[in-house]
Each structure stands twice: as structure tokens, then as C-alpha cells.
Amino acid sequence: MLEKFTDGITNKLIGCFYNPPTFCCNKIACTNTANGYPDVDDLNNVVLIRVYGNKTDLLIDREKEIENIKLLHSYQFAPSLYAIFKNGLAYEFVPGVTLNPDNVLQPELWSLVAKRMAEMHRIVDAKDASKPMPPMLLKKMERFFDLVPSRFSKAQLHKRLEGTFLPVERMRQEFAQLYKRLETLNSPVVFSHNDLLLGNIVYTQDLQKVTFIDYEYADYNYQAFDIGNHFAEFAGVDTVDYNRYPNREFQLKWLRVYLENYLLKTDITVDEIECLYVQVNQFALAAHFFWTIWSLVQAEYSTIDFDYAEYAFLRYQEYLAKKDEFLALNYQN
């Protein structure tokens, strides 16, 4: 039996069942409707099939994605990969519920996310540890910029976008200035998820654990980008509300838990937290820029029913709204 789980904004996700499942909320296989979480034992008969969106190979290195899944699975950070086909892959289903703007604020959940991210950043190493790995951010952004058309194929779409985003060289220069500033922060380069939106985090209540999924953009990158990008995703995707961006009090608690698990010590200093706080919020600006340009490319090529142009506006408007405030943050040890 096949059942469509979700229409993501990059791919389609389909569950392949040996035995017919019971569904709740029309989103995820679930036999335990009392608490909304699935019964692990009843879900061993499902394999997930992810079908790539149109032209997403322009944005995503699929060979690298497969390497990432295998690498992360060897460290028990990613589900098992069962099969690869021309336009997708089949992999292990992780039972649980994806996070959302409400439950991500629960201490028992966000602390698991902070710990898991810290473990990934600390544990997953380069094959040749003696050779520093370059951050992917600049190279990937250059690739995205090159893919933005000078004229969009749909006249109405082009007219909608040209006043704000075109010519794209102006956007490229804006990002170059931001990146030059971010380089001075000396954020460590670690193996990062780079797309830790709430829907890419599965909480399994029975095991009291979270699992990160969809490693399409995973690569070595700035530590602060991965965290800042995650915080920016508190706003949601289907209904975006940047008032949900975590406040300073929440961030400081989250960053303390993260640092305790990243540095493997309990005596985290205020200075260490404040330094990371500045880095994370300034790199959150880069995350907004990253997904703005990504959205422009998707607006031209994707066949998924999603308003990428509107999403580009939302991300860029938030970048502009927070730019001065976040870049004014300063920390000196």
C-alpha cells in the first residue's frame, strides 16, 4: 500500500506499507491516538520513498547527499538508506512526530534538539582530520546566484520579482558584504545539517530522542549558521510568523545546553554563551539570504504547488528588518 505523507517544498514523500496502516491527523502513520504519537512496533512495516522535485539537482548535489546519509548513518545520526533510484531514494522510516512552532518551545524537546545538534557537530569528523574542511556557505551561495535567471520565464513572475531582486548582481554584492563581516566572527566549521527546519526533526516519545532527517544540504559549514538557521525556522513554513523567532532568554538557555554537549563540560561561562549568541544571530541573517536566493531559483524551476516568490519576499524582508539590529550585536572577551 502506498500513502502520500506530505508535499514538501522540495520533494514528495510517500510511505510504502506492507500492511495497511491507521492514520491520524492525515499526516503520519499513527496507531496511538491517545497521545498523538505513533506506536513504534506497529510501524516497522513501512519504507519511505522520497521523490525529488523538478530540477532540484540544480540546487542539490545528489551524489553528495548519498555520501552524507551513509556517513551520518555510520555515526547513528541518519536513518538507513535502502535503495537509490534515478529521481529519489528509499530509506528507513523514523516513527514519531515532526516538530512545530508550538512543541519546539517545550523544554523536553528543545533540549533534545540542542544536544543532538551538538553531538553531530562534535562527533562527525572529516575523513582526513588533518585537512581543514572549508565551509560550504560561500560556494553554495555562488551556485544559487548563478542559477537565478536574468529574466524569469513567466512574465507575471518576472514583473513581481524584478523590482526587489533583479538585477541579481545587486543581491550578490549585498551578500558579499555580509559574508565579509561574518568571516570575522571565527565561527568553527563543523559538519552541519544546514536545513534544520522543524519538519526535519522527528521526536520519538517512547525513546525520548529526536532524529534529524533530509540531509540534502548537509556539509561542513559554520557552526553558527546551523544554529541560526534552526532558530529562524521557528517561524514555520506554511504559515510564516517571525514573531516566533526565539528571544534572547530562550536562546541563552538553548545555547548553554548546546555548549555543555559540544564542549563536554558543565562549567560553561557567560562569556562563552554570549560569544555564541552574537555569532548565531548574525549568521541567522545569512540563513535568510540563503533561502531567499534558493526560493528565487525554485520559483523558476519547481513544479510543486508553493508560492516560492512570496517566500523569497518573506525571507528577504526579515533579513532587512533584522540586519541592523543583529549586526549591531557585539561581544568582546
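Quick note: structure is the one above.
It should be emphasised that the depicted structure is a prediction, and the values quoted were computed from it without experimental measurement. (Residues numbered from 1 in each chain as written. Predicted model: local features only at pLDDT ≥ 70, side-chain atom pairs only at ≥ 80, totals over all residues. Heavy atoms only, no water.)

This paragraph deals with the overall build of the protein chain. Tallying secondary structure elements over the protein chain gives nine helices and 12 strands in all. A burial count over the protein chain gives 53% of its 333 residues as buried. Partitioning the intrachain contacts of the protein chain with sequence separation of at least 6 by distance along the chain shows that 74% fall at a separation of at least 24. (Helix = DSSP H or I, 4+ residues; strand = E, 2+ residues; numbered from the N terminus. Buried < 20%, exposed > 50% of the residue type's maximum accessible area, 1.4 Å probe, protein only. Contact = heavy atoms within 4.5 Å.)

Turning our attention to the environment of Pro 246. Within the secondary structure layout, Pro 246 lies in the loop between helix 6 (223-232) and helix 7 (248-262). Setting aside residues no more than four positions away along its own chain, Pro 246 makes contact with Phe 231, Phe 234 and Gln 251.

With that settled, consider unusual backbone geometry. Put simply, Leu 166 and Pro 167 share a cis peptide bond, and its omega is 0 degrees. One can find Pro 167 in the loop between helix 4 (155-165) and helix 5 (168-183). Unusually for a residue other than glycine, Asn 186 sits at a positive phi of about 60 degrees. Among the secondary structure elements, Asn 186 is positioned in the loop between helix 5 and strand 9 (189-192). Look at Asn 186 and you get exposed, because its relative accessible area is 63%. For Asp 214, which is not a glycine, the phi torsion comes out positive at approximately 60 degrees. Relative to the helices and strands, Asp 214 is located in the loop between strand 11 (209-212) and strand 12 (219-222).

Turning next to the sheet that holds strand 8 (residues 97-98). Either a parallel or an antiparallel arrangement is found when strands of a sheet pair, and the pairing is made through backbone hydrogen bonds. Taken in spatial order, the three strands make up an open sheet running 8-10-11, and their pairing is antiparallel. Each of the sheet's edge strands pairs with one partner strand only, and the pair in question is strand 8 and strand 11. Alignment of strand 10 (residues 201-204) against strand 11, held across four bridges, turns out to be antiparallel. Directly across from Thr 204, in strand 11, lies its bridge partner Lys 209. The strands that helix 2 (residues 107-123) touches are strand 10 and strand 11; relative to strand 11, the one it contacts most, it runs at about 50 degrees. (Pairing = 2+ DSSP bridges. Axes fitted to C-alpha atoms, helices over the stretch in contact; angles between N-to-C directions.)

Moving on: the pairing of strand 7 (residues 88-92). The element strand 7 is largely enclosed, with a buried count of four among its five residues. Pairing of strand 5 (residues 46-52) with strand 7 involves five bridges; the strand directions are antiparallel. By the bridge assignment, Ile 49 is partnered in strand 7 with Ala 90. Pairing of strand 6 (residues 81-85) with strand 7, which is carried by four bridges, proceeds in the antiparallel orientation. By the bridge assignment for strand 7, Leu 81 is matched with Tyr 91. Hairpin connection of strand 6 to strand 7: two residues between the antiparallel strands.

Here Arg 244 shows up in the loop between helix 6 and helix 7. With residues near it in sequence (within four places) discarded, Arg 244 still touches Pro 101, Phe 234, Ala 235, Gly 236 and Thr 239. Among the polar contacts made by the side chain of Arg 244, one reaches the main-chain carbonyl oxygen of Thr 239 at a distance of 3.2 Å. (Polar contact = N/O pair within 3.5 Å; in protein donor to acceptor, adjacent residues only side chain to side chain.)

Time to look at the packing of helix 3 (residues 137-147) against helix 5. Running from N to C, helix 3 and helix 5 point in directions that differ by 170 degrees, and their axes come no closer than 11 Å. Considered as vectors, helix 3 and helix 5 are oriented roughly antiparallel to each other. Taking contact as the criterion, the partners of Leu 137, Leu 138, Met 141, Glu 142, Phe 145 and Asp 146 in helix 3 are, on helix 5, Val 168, Met 171, Arg 172, Phe 175 and Tyr 179. Here the residues of the contact of helix 3 with helix 5 are counted per class, giving eight nonpolar, no polar and three charged. (Parallel < 35°, antiparallel > 145°, perpendicular 65-115°, else oblique. Nonpolar A, V, L, I, M, F, W, Y, C, P; charged D, E, K, R; others polar.)

A few words on the side chain of Asn 221. Within the secondary structure, Asn 221 is located in strand 12. Apart from the residues within four sequence positions on either side, Asn 221 is in contact with Pro 135, Met 136, Leu 137, Pro 188, Val 189, Val 190, Ser 192 and Asn 194.

So, on to the packing of aromatic side chains. Under the counting rule described, the total for this entry stands at 28 aromatic pairs. Ring geometry for Trp 294 and Tyr 308: centres 5.9 Å apart, planes at 70 degrees, overall edge-to-face. Taken as a pair, Trp 294 in helix 8 (residues 270-301) and Tyr 308 in helix 9 (residues 308-327) lie far apart in primary sequence, 14 residues in all. What makes Trp 294 buried here is its relative accessible area of 1%. Given the relative accessible area of 3%, Tyr 308 is considered buried. Through pairs of rings, three or more aromatic residues link up here, namely Phe 145, Phe 165, Phe 175, Tyr 179, Tyr 222, Phe 283, Phe 289, Phe 313, Tyr 316 and Tyr 319. (Phe/Tyr/Trp six-rings, centres within 6.5 Å; stacked < 30°, edge-to-face > 60°.)

When the charged atoms of two side chains with opposite charge come close together, those side chains can pair. Enumeration over the complete set of coordinates arrives at 13 salt bridges. Between Glu 119 and Arg 116 there is a salt bridge, with its nearest N and O atoms 3.2 Å apart. You can see Glu 119 and its partner Arg 116 sitting in helix 2, three residues apart, about one turn around the helix. Arg 315 is the salt-bridge partner of Glu 233, the closest N and O atoms lying 3.3 Å from each other. Pair noted here: Glu 233 is in the loop between helix 6 and helix 7 and Arg 315 is in helix 9, with a separation of 82 residues, a long-range link. On the accessibility criterion, Glu 233 (3% relative accessible area) is buried. Take Arg 315: its relative accessible area is 0%, and that puts it in the buried class. One continuous salt-bridge network, built from bridges that share partners, spans Arg 50, Glu 65, Asp 214 and Glu 216. (Salt bridge = Lys/Arg side-chain N within 4 Å of Asp/Glu carboxyl O.)

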